[in-house]
Amino acid sequence: MDNDFPRKTADEIIKALATRFRESARDRRVYSVLGTYDQLDKFVPRIRDLCHKNALSEDGQSVAFFDLNTALLEHLKLQGKMEKLSELADKLRDKELGRLMGENWSDWLSQQTGKHFGLILAGFELFFSYLDSNALALVRQYAINGKHLCLVMPGTERARQVWAFDETPDFRRQITGLVSEWTYVLTAPTL
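Residues numbered from 1 in each chain as written. Predicted model: local features only at pLDDT ≥ 70, side-chain atom pairs only at ≥ 80, totals over all residues. Heavy atoms only, no water.

1. Thoughts on the overall build of the protein
So, point 1. Scanning the protein from N- to C-terminus turns up seven helices and eight strands.
So, point 2. Against the 2.2 N^0.38 benchmark of 16 Å for 191 residues, the protein shows a C-alpha radius of gyration of 17 Å, consistent with a compact globule.
So, point 3. Each of the three principal axes of the protein carries a C-alpha extent, and together these read 50 × 40 × 30 Å.
So, point 4. Buried positions account for 47% of the 191 residues belonging to the protein.
So, point 5. Put simply, of all contacts in the protein between residues at least 6 apart along the chain, 76% involve residues at least 24 apart.
So, point 6. Working note: accessible area of the protein is about 10200 Å², and carbon and sulfur atoms make up 48% of it. (Helix = DSSP H or I, 4+ residues; strand = E, 2+ residues; numbered from the N terminus. Rg over C-alpha atoms; globule rule 2.2 N^0.38 Å. Buried < 20%, exposed > 50% of the residue type's maximum accessible area, 1.4 Å probe, protein only. Contact = heavy atoms within 4.5 Å. Areas by Shrake-Rupley, 256 points an atom, 1.4 Å probe, with all protein chains shown as cover.)

What follows is the structure, encoded as structure tokens:
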């Protein structure tokens, strides 16, 4: 059976992403990179460094890197909502906590897509702790007007289904809505 999900080395994925980020986007452009935690521990610093050097896009356009574990908390602090967030967490009021996180996720994503030509997002542990996988669908809504977004997640593809946090079965989640030919699965380089 043919596999629609490209399996590539980190170097091949970086090259493919740089090519894609330089293309004009007439449709919704949401890319994904899946790998084990060990693979992502090596991949994420490289892609973050390339974003800081603005090496993934044309002149005058920026592709920003964000670790959502810290970016969402920083956004909540700036909005003055950390005390409320802590209070809800202490009282185990998960529904309200999820609603607050969902509102801030939408607000944060809107701000960042307004500032940058493209985004590379990693660090989804906090995101998935408080938001359901449907919150990821919001990414597609913001990938308009020539914007490119890339999700870098611990996960894998099996039988044409994407599973985030595959290494931790208690937290495993199926992710839908990703374009298979734009969802790269990290492999080890061949020697």
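Back to the text.
2. A word on the side chain of Ser57
So, point 1. Tracing the backbone shows Ser57 in the loop between helix 2 (37–52) and strand 3 (63–67).
So, point 2. Within the local environment of Ser57, its side chain forms a polar contact with the side chain of Asn54, the two groups lying 3.2 Å apart.
So, point 3. Within the structure, the side chain of Ser57 is placed 2.7 Å from the backbone oxygen of Gln61, a separation counted as a polar contact.
So, point 4. Apart from the residues lying within four places of it in its own chain, the contact partners of Ser57 are Arg22, Ser62, Val63 and Phe117. (Polar contact = N/O pair within 3.5 Å; in protein donor to acceptor, adjacent residues only side chain to side chain.)

3. Re the pairing of strand 6 (residues 161–164)
Regular strands place their side chains on alternate faces of the sheet.
So, point 1. Bridge count between strand 5 (residues 148–158) and strand 6: four bridges; the pairing is antiparallel. Across the sheet, the residue bridging to Glu157 is Val162, located in strand 6.
So, point 2. Two successive antiparallel strands, strand 5 and strand 6, enclose a turn made up of two residues, where Ala159 displays a positive phi of approximately 50 degrees.
So, point 3. As defined by bridge partners, strand 6 adjoins strand 7 (residues 173–175) across three bridges and the pair is classed as antiparallel. Bridged to Val162 within strand 7 is Ile175. (Pairing = 2+ DSSP bridges.)

Everything listed is a geometric property; what it means functionally is a separate question.
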